[in-house]
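Chain residues, written in single-letter form:
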Amino acid sequence: MPALPSPPSTGPSFAPVRSNRAARWARGTAGKAFLIMMLVLLPLAIATITVNWHSIRIAEQEKTELLAAATRQNAIQLASDIGTIHTAQTMTANLLASEQAPGNVCDRMQRLFNAMAGGDGIVTAIFDAKGTPRCQSTDGQRLREAFTRAASIRSDMIVAPDLGGLLIRSASDDGSITAFALYLRPALRKLTSARASDPTQSVSLHQGDRTLLLSEASNNEREAEDGDDKSGSKNRGKGLTTMARVGTQDLMLSMTVTDSTSLGARIVPLLMPLLLWVAAAFLGWLVVRWILIQPLMTLRREVAAYTPGQVIQPPHISRLASREIVELGESFHAMSRDVAEHEADMQAALDRQTRLTREVHHRVKNNLQIISSLISLHWRAATDPKVGEAYLSIQRRVDALAVVQRNHYAELDEKRGVRARPMMNEIASGLKISAQVQSGRTIDIAVDCDDVTLHQDVAAPIAFMTAELADLVIALDPGGRFTLSLIRLDDDPAHARLSLIAPVFCRTQMQEDGTVPLHRRVLDGLARQLRAPLGHDAARGEYHIIVPVTG
């Protein structure tokens, strides 16, 4: 069955890598330092924001109070001028009604008004009961309509947007003469606006549903909503508005200052402490990283790549790094140099020791060869057959030890111990030659050995034990079969089972006089040296013992 196609790959996923980096950064010293500085500076940032917010509120409150005071002052000034105009008109009307008025009474009133509001700031007109003008200013005919509507007007002060000013009405005591004065918008603007050139300021007169705009903010964000404000101030949209009553009349004077401050300009003072908070923490983190973290990371890479015998070179660290870290790098350099020198001294000493050890083993091998040669000379010179057999028995043991020594010397450089298979084969070959020389018959020796290695302290007793039992086979059964076996245990790879099998080993272990044979005492002594019990299976003719292996 064909395999199903795998779904298309969507590309490598970077989210786990980024999350791992973030986690490592948070657990690292740099991340911890950044978080600590953020927490330490946070109360200062909150306190600064609170102070700035309080300062902004106080500034707005002071602005409101100043605008309210200016509005009240302008209302008082306007009420004073209205009162003066009303009084002057009433007096003039009474004089005209008495028919005893001097001829220049109207001129004196007009000069008074000109002094108050300029040459064209106040327009006047005085009518009798029939509507005939008794006197009027240059533009006084525009007040004729006001006279015709006089009966329907109940107030003496009327906001007249259609006439472009504030209409003030006065009458004589007998009601025969009616005087009108129109306080024009330009004159009112000069009177009520101390900052007439301010492009953010608007001034208005309100009476019921009528509004007379005296000055308007240049950005057209004027607040001219209807209704009285008894409390005196309003916050409307983006402007601050204050209102004040003009005298005892139903007139209200409103002043509006448009706030030209942008939203960004308001937010910046509040956000600046947060920006400074983050910037201070970030700068602190940079300083910590430049002075401590980055130099430590550089030094850590050098130390992590260090291997014994090498010399750690002082890493190139920025001048901003902490002096203590620079000194630490120099200390690592000095320490690695000392370690390298000690390593070199130890290696030289080890080489000398190795040479001495090889020399010792070489001399031991030569000495064993000399001993074997001397024994061979004595064997050849012996006239008694029993003495010759004794010499050959001794020579077999010396040759077995020499085999162990030669194999150990051959494996000395590898330091793995004595390889058992070539050692056992060489011992078996030597025993065959010795048996042929002694009895003239060839002994049948079979070797079954795993490829294991033995420690020298184990190999020597095994060689002696093999030579001892081979001597017994040569003496009692020269033509018999002798099997040497060294097999690693299946359940314990660190040990092997040594088995020496021959038919002659089926005989009893006790002599006729009840004493233990010599070979048995020798085998027991070698078993104690191997720290293991020596087993004997008389039915199979086998001696066996468990010995440790090194590989």
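A brief look at the structure comes next. (Residues numbered from 1 in each chain as written. Predicted model: local features only at pLDDT ≥ 70, side-chain atom pairs only at ≥ 80, totals over all residues. Heavy atoms only, no water.)

1. Things to note about the state of the cysteines
What counts is decided by this rule: In plain terms, two cysteine sulfur atoms within 2.5 Å form what is called a disulfide here. Helix and strand definitions follow DSSP, with helices as H or I runs of at least four residues and strands as E runs of at least two, each counted in order from the N terminus. Working definition: with a 1.4 Å probe on protein chains only, accessible area under 20% of the residue-type maximum means buried, over 50% means exposed, and in between means partly exposed.
A full pass over the atoms with the stated rule returns 1 disulfide. Disulfide pairing places Cys106 opposite Cys135 at an S-S distance of 2.0 Å. Where Cys106 bonds to Cys135 through sulfur, the torsion about that S-S bond is close to -75 degrees, and the disulfide is left-handed. Of this pair, Cys106 sits in helix H3 (residues 105-117) while Cys135 sits in strand E2 (residues 133-136), and the two are 29 residues apart along the sequence. The pair formed by Cys106 and Cys135 is uniform in burial state, with each residue classed as buried.

2. Some points on the nonpolar core
Put simply, the rule is: Joining through side-chain atoms within 4.5 Å is the link that ties buried Ala, Val, Leu, Ile, Met, Phe, Trp, Tyr and Cys residues into a set, and such a set is a nonpolar core. We call two residues in contact when some of their heavy atoms are within 4.5 Å.
Ranked by internal contacts, the top residues of the largest apolar core, which has 46 residues, are Met423, Leu454, Met465, Phe482, Leu486, Phe505 and Ile545. Listing elements by their share of this core, those giving two or more residues are helix H8 (385-410), helix H9 (420-439), strand E12 (444-449), helix H10 (456-476), strand E14 (481-488), strand E15 (495-501), helix H11 (518-530) and strand E17 (542-548). Beyond its immediate sequence surroundings of up to four residues, Leu486 is in contact with Ala420, Asp448, Cys449, Asp450, Val452, Leu454, Ala496, Arg497, Leu498 and Val547.

3. Describing H9
The condition that has to hold: To estimate the expected span of a helix, count its residues, drop one, and scale the result by 1.5 Å. This arc is built from the directions going out from the helix axis to the C-beta atoms.
Between the first and last C-alpha of H9 there are 28 Å, a value that for 20 residues agrees with the 28 Å anticipated at 1.5 Å per step. For H9, the full list of buried residues reads Ala420, Met423, Met424, Ile427, Ala428, Leu431, Ser434 and Ala435. All buried residues of H9 fall inside an arc of 130 degrees around its axis, so they share one side. Just beyond H9, the residue with positive phi is Gly440, at close to 75 degrees.

4. Regarding unusual backbone geometry
Positioned with a positive phi, Arg531 is a non-glycine residue whose angle comes to about 55 degrees. Relative to the helices and strands, Arg531 is located in the loop between H11 and strand E16 (535-537).

5. A look at a nonpolar patch on the surface
Note the threshold: For patch detection, residues must exceed 30% relative accessible area and be free of salt bridges, and they are connected within 9 Å for like charges or within 5 Å for nonpolar side chains (Val, Leu, Ile, Met, Phe, Trp, Tyr). All accessible areas in this document rest on Shrake-Rupley with a 1.4 Å probe, and a residue is counted as covered only by the protein chains that are shown. Definition used for salt bridges: Asp or Glu carboxyl oxygen within 4 Å of a side-chain nitrogen of Lys or Arg.
Judged by side-chain polarity, Ile267, Val268, Leu271, Met272, Leu274, Leu275 and Leu276 come together as a nonpolar surface patch covering roughly 580 Å² of accessible area. Summarising the element assignment, Ile267 is placed in helix H6 (residues 263-304). A relative accessible area of 34% places Ile267 in the partly exposed class.

6. Considerations on the pattern of salt bridges
Scanning all chains against the criterion turns up 10 salt bridges. Between Asp451 and Arg419 there is a salt bridge whose closest N-O contact spans 3.3 Å. With a gap of 32 residues between them, Asp451 in the loop between E12 and strand E13 (453-454) and Arg419 in strand E11 (residues 418-419) connect regions that are remote in the sequence. By relative accessible area, which is 44% here, Asp451 ends up partly exposed. In this structure Arg419 comes out as partly exposed when scored by relative accessible area, which is 29%. Taken together, the shared-partner salt bridges connect Arg396, Arg397, Glu468 and Asp471 into one network.

7. Looking at the environment of Leu191
Considering the arrangement of structural elements, one finds Leu191 in helix H5 (residues 185-192). On the accessibility criterion, Leu191 (17% relative accessible area) is buried. A C-alpha to C-alpha distance of 7.1 Å links Leu191 and Leu78, two positions 113 residues apart in sequence.

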